[in-house]
Amino acid sequence: MVGNVKSEIGVLFSKDNFMLVKKELKKGEKVEKHNHENEEVVFTVLKGKVEVFLNEKENHILVPGEILQFDGINFINVVAIEDSEFSVTLIKK
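Bear in mind that the values here come from a model prediction, so they are computed numbers and not experimental data. (Residues numbered from 1 in each chain as written. Predicted model: local features only at pLDDT ≥ 70, side-chain atom pairs only at ≥ 80, totals over all residues. Heavy atoms only, no water.)

Enquirer: Whenever I open this one, the layout of surface pockets confuses me. Can you help?
Expert: Space inside the largest pocket adds up to approximately 180 Å³. Lining the largest pocket are 13 residues, and of these Lys-23, Val-31, His-34, His-36 and Val-88 sit closest to its centre. Where the lining of the largest pocket is concerned, the elements lending two or more residues are β2 (18–25), β3 (30–34), β4 (39–47), β8 (76–80) and β9 (84–92). With 3 residues, β9 is the single largest residue contributor to the lining of the largest pocket. Grouping the constituent residues of the lining of the largest pocket by class yields 10 nonpolar, 2 polar and 1 charged. (1 Å grid on protein atoms, 1.4 Å probe; cavity = no way out; pocket = protein on both sides within 12 Å on 5 of 7 lines; lining within 4 Å. Points joined across faces, edges and corners; volume = space filled by probe spheres on them. Helix = DSSP H or I, 4+ residues; strand = E, 2+ residues; numbered from the N terminus. Nonpolar A, V, L, I, M, F, W, Y, C, P; charged D, E, K, R; others polar.)

Enquirer: Would you take a moment to explain the sheet that holds strand β6 (residues 58–62) for this structure?
Expert: By definition, the strands of a sheet pair up through backbone hydrogen bonds, in either a parallel or an antiparallel sense. Strand order in the open sheet formed by 4 strands is β3-β8-β5-β6, and the pairing between neighbours is antiparallel. The sheet terminates laterally at β3 and β6, the two strands that pair on one side only. Between one strand axis and the next, the sheet turns by 15 degrees as a mean value, whatever way the strands run. Where strand β5 (residues 50–54) and β8 come together, 5 bridges link them in antiparallel fashion. When the sheet's bridge partners are listed, Phe-53 is paired in β8 with Asn-77. (Pairing = 2+ DSSP bridges. Axes fitted to C-alpha atoms, helices over the stretch in contact; angles between N-to-C directions.)

Enquirer: Explain the pattern of salt bridges to me, please; I cannot follow it from the model alone.
Expert: When their charged atoms lie close together, side chains carrying opposite charge are able to pair. A full pass over the atoms with the stated rule returns 4 salt bridges. Lys-33 is the partner of Glu-56 in a salt bridge, and the nearest nitrogen-oxygen pair spans 3.9 Å. Placement of Glu-56 in the loop between β5 and β6 and of Lys-33 in strand β3 is noted, with a sequence separation of 23 residues between them. (Salt bridge = Lys/Arg side-chain N within 4 Å of Asp/Glu carboxyl O.)

Enquirer: I tried to follow the pairing of β5 on my own but got confused; where do I start?
Expert: Counting buried positions along β5 yields 4 of 5 residues, so the element is predominantly enclosed. Here β5 runs beside β6; their pairing, made up of 5 bridges, is antiparallel. Residue pairing for β6: Leu-54 is matched across the bridge by Glu-58. As consecutive antiparallel partners, β5 and β6 are separated by 3 residues, and within that stretch Asn-55 has a phi angle of approximately 55 degrees, a positive value. (Buried < 20%, exposed > 50% of the residue type's maximum accessible area, 1.4 Å probe, protein only.)

Enquirer: Which parts of the structure should I look at to understand the packing of aromatic side chains?
Expert: The geometry of an aromatic ring pair is captured by two quantities: the separation of the ring centres and the angle between the planes. Per the stated rule, a full pass over the model turns up 1 aromatic pair. Considering the side-chain rings of Phe-43 and Phe-86, the 4.6 Å spacing of their centres and the 20 degrees angle between planes classify their relative orientation as stacked. Residue Phe-43 is located in strand β4, and its partner Phe-86 is located in strand β9; the two are separated by 43 residues in the primary sequence. Owing to a relative accessible area of 1%, Phe-43 belongs among the buried residues under this scheme. Classification of Phe-86 by relative accessible area gives buried; the value is 2%. Lying over the aromatic face of Phe-75, Lys-33 brings its terminal NZ or CZ to 5.3 Å of the ring centre. (Phe/Tyr/Trp six-rings, centres within 6.5 Å; stacked < 30°, edge-to-face > 60°. Lys NZ or Arg CZ within 6 Å of the ring centre and 35° of its normal.)

Structure below.
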């Protein structure tokens, strides 16, 4: 089989140059402030609505289909506005 389909929560794919993680948050739950210094980050909302804060100065309210890309040197924290699922792709610089 050439393709690999996964749908669970957690690390879905991990190779030398990238990692893809799927997260789930209930309304009001948070991802605490952190960064991914040596990686580019692609944040994709799959379900629900989340508010993403970058460096505690810039915020984005994201819904399904919206994708946020940023340099992982920046700090991120997330709050679920609704029950939500999102994926985070970390790409080595």
